[in-house]
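# Examining the three-dimensional arrangement
Here is how the chains run, residue by residue.
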Amino acid sequence: MSAATPMTIEEFLAQDERKELLRFSTAGSVDDGKSTLIGRLLYDSKGVYEDQIASVAKASVNQSAGSFDFALLTDGLRAEREQGITIDVAYRYFATARRKFIIADTPGHEQYTRNMATGASTADLAIVLVDARNGVLPQSRRHAYIAALLGIPHLVVCVNKMDLVEFRQDVFERICEDFAAFAAKLDLKDVLYIPISALLGDNVVSPSARTPYYRGPSLLEHLETAPAGRRYNTADFRFPVQYVLRPNLDFRGYAGQVASGSVQVGDPIMVLPSGRLSRVSSIVTYDGGLAEAYPPLSVALCLEHELDISRGDMLVHPSSVPYVSRRFEAMMVWMNATPLEVDKTYLVKHTTHQVKANIRAIRHRVDVNTLEHVPAVRLELNEIGAVLVETVKPLYFDAYERNRVTGAFILIDPMTNETVGAGMIRGAHGHEPPRKQREAIEFEFTRVTPVERYARAGHRPAVVWMAGDAEIAFVAERKLFDRGCLVHVLEEAAQGEGIARVAAALAESGLLVLCVAPETAGEQAAATRQAAGAERFLTKDYREHAGEPEQAADDLVRTLEEAGFLPVTSFGAGEGI
Amino acid sequence: MKLDSRTVSHLRALEAESIHIFREVAAEFANPVLLYSVGKDSSTLVRLAQKAFYPGPIPFPLLHIDTSYKFKEMIEFRDRFTAQIGARLIVYKNEKALADGANPIRLGTQKCCGLLKTRGLLDGLAAGGYDAAFGGARREEEKSRAKERVYSFRDKFGQWDPKNQRPELWNLYNGRIDRGETIRVFPLSNWTEIDIWHYIHLEQIPVVPLYFAKEREMIVRGNLLIPVEQDFVRLPGEKPQWVMCRMRSIGCSPCSGAIRSEADTVPKIIEEMIHARRSERENRVIDYDEEGSMEIKKREGYF
């Protein structure tokens, strides 16, 4: 991009087109030199436009001396210029030959924890600044804690103002040790320490000769190579339905952004909360159909069956189902001057779902400086605590630790309409009460849902319309029963006009129903298919297998497995429901 | 940089984010509108809206606040483009101020903008009863916009309070408002100017021909090239000249400066940007009125 590397515009565009996006947040205390560092990154990467520099030169503010004040490039609003501090989250943009960057620049003041959390919520990486002269202050620890709380996978500790301590190795190393001792308590896995001088540029863009003891990458080099997009979970397919596209009677598409995992045409999917099953028939975009969709793509999914699906529902893979519950434990960052109150009615916005909710209990408040748990009856602005949330309708969610999209929610005050809190649903690792205990309380006030029936049965209901010898059905019934399934055979003799209603009712109650019939098609088969629902209706023809019931029964069980009705492995199905 | 098949380029990531925002607003608001300014950012905005609701139509109208000082080429482009894509276009003018003779020379650029753009916009929004209005503003454009939310809350008078904006985390937008309040929505918040042009290039999005260089009749005043579309911009003694030039940003003709340029294709425009690196707003006379002037206008309801 710079004049030093001449390239044609076509080469530039080809390179630019393949660039990834890295989002990172910066946090530092008032005098850590954060604005100077950002100004340096923007300036040295030539991201600052000439006339913006011209406008800084004529800005009418008394600020620190020096030929050029990098901080003025980033401090935007009038109020801040008067106070000389940044007071809100500001977003900055710059690019290098390798990547595009979005910086969420957040202030370090104690009262602005909420801004730090805001900036961290979308970041792949966080930079924490430490003043070499002051060492690790409570603020530095707070920044690291919030980065960990918001699930940022990579942390960079920039020990700044090294020029003011003669670039001494012992100063740098002592700060690293102090910080590492704290970081160990936070389960932060990837922490890099860099000695820098934002003012003079040491180790910011290129390695400094004045820190021979430091052999790691410069800050910019690290930003260019740290894995991007790590904030997405790749294992569990989650697709919150945002909008139903229904331009005409022939098209029904469910629009949304893939939150995690991936989905391919032909994949089985389960609809929450109804628990109905179907398959993806196509993945539609303006630019043509896709074979596969993954985060963060915004697409529309069409399904094989006509199901009643609306905004707030979630499509998931049947082998990996999220928690479905009205109660969950969460960490809460309080963002409003009016404190959090137990039993007051709030609104939870979680994925595309908005429901009324109460905070039933505050388990404890976290002292962000010491990480100690402190008893609390309310949470004040910028305080962080563990709470029990109860919603009016069930949410479908994962632990935030596992999934940063389906584990996150905001709390809205329905009277003022303000966003008052940010929540992270806690994981099952140590925080979550054991499953049995949860089951006892989760659904106490609601009707039994299909999802609960599946959880109890360990499989999903199906109606198999089977042509062939009844013995095959009974062998299959035994095999399924021994696996712990709820299963029942409807023999030919038992069949009559009412078969459709009986099979549907049994399926409704969660059973696998095996109907023995003379043929796979016909009036009764069609009526049963309609009553039970096409997505849980299968036909099998075993008329050729009269002498080999074992083989046919195995095939039937395998068919149910492959169609997603039976859990193939112990993972997923029913887990957490 | 190695890219595996599931790596998403920055433009696709930005596109997906913008589409998500469009769909959220369409789902949660009763009566949204897209503020269509005819410029390149608006063209991009419209394409993203098409993508968000494909194969359906864009489920809200496009609103153009016409100050009557827009370039002829803009109006022609506007009418052709919106007809082609089958969008519903609504044009609003502050007829009362125009009848009273509002123009930038008589009132000064600040007052003129206040009446024809800001007032026109607020009245146009009120006339349609819109509860959400999409705009093409980008955070990178100008310092005061770096902190703008994606959902920017406006009170009953359309005012913006920089100290009282809702925290915005993850992609969870709070669209709760009371009667009379509105939300301005900025789906392009995280796009840079180069991103916009690059996307226009890749997607072959139609833009107003004024962006491309050709010989145009201009008044040369110091470093500024001022189009002669409206007679009154001419000072005594000034004579128009033919200059090879183009517009870097497009607004009202009396207040839009042009730059000397040979760039007559999108890649050439991008190339010119990379070399020149001048902010697009440099040539908008209005931003020089006062240090921090954009912030004052925003507080009053200007985009």
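It should be noted that the structure appears before, not after, this text.
Computed from a predicted structure; not experimentally measured.

## Regarding the packing of helix H11 (residues 470-482) of chain A against helix H14 (residues 549-562) of chain A
Residue and element names in this part refer to chain A.
- Between H11 and H14, the least distance of the axes is 8 Å, while the angle of their chain directions is 55°. What the angle tells us is that H11 and H14 run oblique. In this structure, the crossing between H11 and H14 has a hand that is right-handed. Every residue of H14 that contacts H11 at Glu471, Ile472, Val475, Ala476, Lys479 and Leu480 is listed here: Pro549, Glu550, Ala552, Ala553, Asp554, Leu556, Val557 and Leu560.
- Considering only residue class, the contact of H11 with H14 consists of 10 nonpolar, no polar and 4 charged.

## Considerations on the pairing of strand E2 (residues 90-95) of chain A
All names here are of chain A.
- Of all 6 residues making up E2, 6 are buried, and the element is well covered by its neighbours.
- Residues Ala90, Arg92 and Phe94 of E2 are buried on one face, and the alternating residues Tyr91, Tyr93 and Ala95, pointing to the opposite face, are buried as well.
- Bridge count for E2 against strand E3 (residues 99-106) is 6 bridges, and the pairing is antiparallel. Looking across to E3, one finds that Ala90 is bridged to Asp105.
- Between E2 and E3, which pair antiparallel one after the other, the connecting turn spans 3 residues.

## Focus on the nonpolar core
- In this structure, Leu301 and Leu315 of chain A together with Phe22, Leu34 and Trp197 of chain B are the most contacted members of the largest nonpolar core, which totals 96 residues.
- Top contributing element to this core by residue count: helix H1 (residues 10-28) of chain B, with 8 residues.
- Once residues within four sequence positions are removed from consideration, Trp197 of chain B is found in contact with Lys40, Val207, Tyr211, Val266, Ile269, Ile270 and Met273 of chain B.
- In terms of nonpolar packing, the next biggest core, distinct from the first, is built from 75 residues, Met116, Leu149, Leu186 and Ile410 of chain A among them.

## Structural notes on the packing of aromatic side chains
- Counting across every chain of the model gives 25 aromatic pairs over all chains.
- Judged by centre distance (5.4 Å) and plane angle (75°), the rings of Phe328 of chain A and Phe409 of chain A are edge-to-face. Within this pair, whereas Phe328 of chain A is found in strand E16 (residues 323-334), its partner Phe409 of chain A is found in strand E21 (residues 408-412), the two being separated by 81 residues in sequence. Each member of the pair, Phe328 of chain A as well as Phe409 of chain A, carries the same accessibility label: buried.
- Ring pairing ties together the aromatic residues Tyr243 of chain A together with Phe22, Phe53, Phe60 and Phe134 of chain B, which thus form one cluster.
- Sitting over the face of the ring of Tyr91 of chain A, Arg139 of chain B holds its NZ or CZ atom 4.0 Å from the ring centroid.

## Regarding helix H7 (residues 169-185) of chain A
Residues and elements named next belong to chain A.
- With 17 residues, H7 should cover 24 Å at 1.5 Å per step; its first-to-last C-alpha distance of 25 Å lies within 8% of that length.
- Within the sequence span of H7, burial applies to Val171, Phe172, Ile175, Cys176, Phe179, Phe182 and Ala183. Down the axis of H7, the sector holding all buried residues measures 135°, keeping them to one side. Away from the buried face of H7 by more than 90 degrees, exposed residues Glu177, Ala181, Ala184 and Lys185 are located.
- Next to the buried residues of H7 lie strand E4 (125-131), helix H6 (138-149), strand E5 (154-160) and strand E6 (190-195).
- Asp187 sits one or two residues past H7 and shows a positive phi near 60°.

Parameters at a glance
Residues numbered from 1 in each chain as written. Chains lettered and ligands numbered in written order. Predicted model: local features only at pLDDT ≥ 70, side-chain atom pairs only at ≥ 80, totals over all residues. Heavy atoms only, no water. Axes fitted to C-alpha atoms, helices over the stretch in contact; angles between N-to-C directions. Helix = DSSP H or I, 4+ residues; strand = E, 2+ residues; numbered from the N terminus. Parallel < 35°, antiparallel > 145°, perpendicular 65-115°, else oblique. Left-handed = near helix turned anticlockwise from the far one by under 90°. Contact = heavy atoms within 4.5 Å. Nonpolar A, V, L, I, M, F, W, Y, C, P; charged D, E, K, R; others polar. Buried < 20%, exposed > 50% of the residue type's maximum accessible area, 1.4 Å probe, protein only. Pairing = 2+ DSSP bridges. Core = buried A, V, L, I, M, F, W, Y, C linked by side-chain atoms within 4.5 Å. Phe/Tyr/Trp six-rings, centres within 6.5 Å; stacked < 30°, edge-to-face > 60°. Lys NZ or Arg CZ within 6 Å of the ring centre and 35° of its normal. Expected span 1.5 Å × (residues − 1). Arc of directions from axis to C-beta.

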